[in-house]
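Chain and residue survey
Listed below are the residues making up each chain.
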Amino acid sequence: MHHSLNEIEALAKRAARGAGLSWGMAEEAGRATRWLASHDLAGPALLSDVLAKNDRLPHEQVAPVSLDGEWHALAGELCPLAAGTALNDCADRLANGQSVNMASVSFPLLVLPFAAWAAIHLNEPVQVRWQNLWICTDGNRVWINDPDREINTRHAAALTCQIASKRTDAGTAPRSRGVVTSEVWAKLDVFAQRTFAPATAASRLLGAGAGVSDND
């Protein structure tokens, strides 16, 4: 099903919040999912998967323990949203020719939007690599080389981000709408529903209708 990017971002943000992410992290998750969907990449599906995997886990368990050396998480696998926001905080390292190396990242494609925002900040293309795949972005356009169809993998043993050479060929440009299957939409909505307080007798009395009285 086709949805506006605003709809996709709003649902992704509510779903992330419902899964226990802070409002700030939920906003980042919404923006990242929107960016991927605008490039016809599986952001919404991967977000639903990572939320299910890390449902209500403390941020400290899935975020980088240290930003020195190779990044890793206490829980064993880095959350791509936590790793991505840390990548943005360290974007200037890339400008100095350093690479950011991450160990054991779940759903690594979700790191890509954060690399795109780093590219915009640095005004330099950034490349993300795992296994035999590389993706380059200047923040707007995307170039993908994925010989083994690894783009939607659930786990990358190692992921590297670094400055890339400028591209002269045309990459894929963002679209104004995104495609989300009804199954994925429903999965995200389950998380989003947690953000709504359950009805109580008092709230029902304050709502529309006659409540427990009969005025007919």
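Report on the accompanying structure.

The rules we used
Residues numbered from 1 in each chain as written. Predicted model: local features only at pLDDT ≥ 70, side-chain atom pairs only at ≥ 80, totals over all residues. Heavy atoms only, no water. Helix = DSSP H or I, 4+ residues; strand = E, 2+ residues; numbered from the N terminus. Contact = heavy atoms within 4.5 Å. Areas by Shrake-Rupley, 256 points an atom, 1.4 Å probe, with all protein chains shown as cover. 1 Å grid on protein atoms, 1.4 Å probe; cavity = no way out; pocket = protein on both sides within 12 Å on 5 of 7 lines; lining within 4 Å. Points joined across faces, edges and corners; volume = space filled by probe spheres on them. Buried < 20%, exposed > 50% of the residue type's maximum accessible area, 1.4 Å probe, protein only. Arc of directions from axis to C-beta. Salt bridge = Lys/Arg side-chain N within 4 Å of Asp/Glu carboxyl O. Disulfide = S-S within 2.5 Å.

Moving on to the overall build of the protein chain. Helices and strands together make up the secondary structure of the protein chain, namely nine helices and seven strands. Along the longest, intermediate and shortest principal axes, the C-alpha atoms of the protein chain span 75 × 40 × 30 Å. Excluding contacts between residues fewer than 6 apart, the proportion of contacts in the protein chain whose partners are at least 24 apart in sequence is 70%. A total accessible area of about 10900 Å² is found for the protein chain, and carbon and sulfur atoms account for 49% of it.

Let's shift gears to empty space enclosed by the protein. The final tally for this structure, using the stated rule, is one cavity of 30 Å³ or more. Of the voids in this model, the largest cavity is the one considered here, and its volume is about 40 Å³. Lining the largest cavity we find Leu21, Val50, Leu51, Asn54, Cys79 and Leu81.

As a further point, take helix 8 (residues 182-192). Of all the positions in helix 8, only Val184, Leu188, Phe191 and Ala192 are classed as buried. Projected down its long axis, helix 8 shows its buried positions confined to an angular sector of 100°, all on one face. What points out from helix 8, more than 90 degrees from its buried face, is the exposed set Glu183 and Val190. Each element contacted by the buried residues of helix 8 is listed here: helix 1 (5-18) and helix 3 (43-53).

Right, let's get into the pattern of salt bridges. Opposite charge on two side chains allows them to pair when their charged atoms are near. Overall, the coordinates contain ten salt bridges when judged by the stated rule. In this structure, arginine 154 engages aspartate 49 in a salt bridge whose closest nitrogen and oxygen atoms are separated by 3.8 Å. Of this pair, arginine 154 sits in the loop between strand 5 (142-145) and strand 6 (155-163) while aspartate 49 sits in helix 3, and the two are 105 residues apart along the sequence. The residue lysine 187 makes a salt bridge to glutamate 183 at a minimum N-O spacing of 3.7 Å. A residue pair is termed a helical-turn pair when its members lie 3 or 4 positions apart in one helix, as lysine 187 and glutamate 183 do in helix 8 at four residues. Glutamate 183 gets classed as exposed once you look at its relative accessible area, which sits at 53%.

Let's shift gears to the state of the cysteines. One pass over the full model with this rule turns up zero disulfides. In this structure cysteine 79 is not part of a disulfide, and its nearest cysteine sulfur, from cysteine 161, lies 14 Å away. Taking the relative accessible area as the measure of exposure, cysteine 79 reaches 8% and is therefore buried. Overall, cysteine 161 belongs to the buried group, its relative accessible area being 0%.

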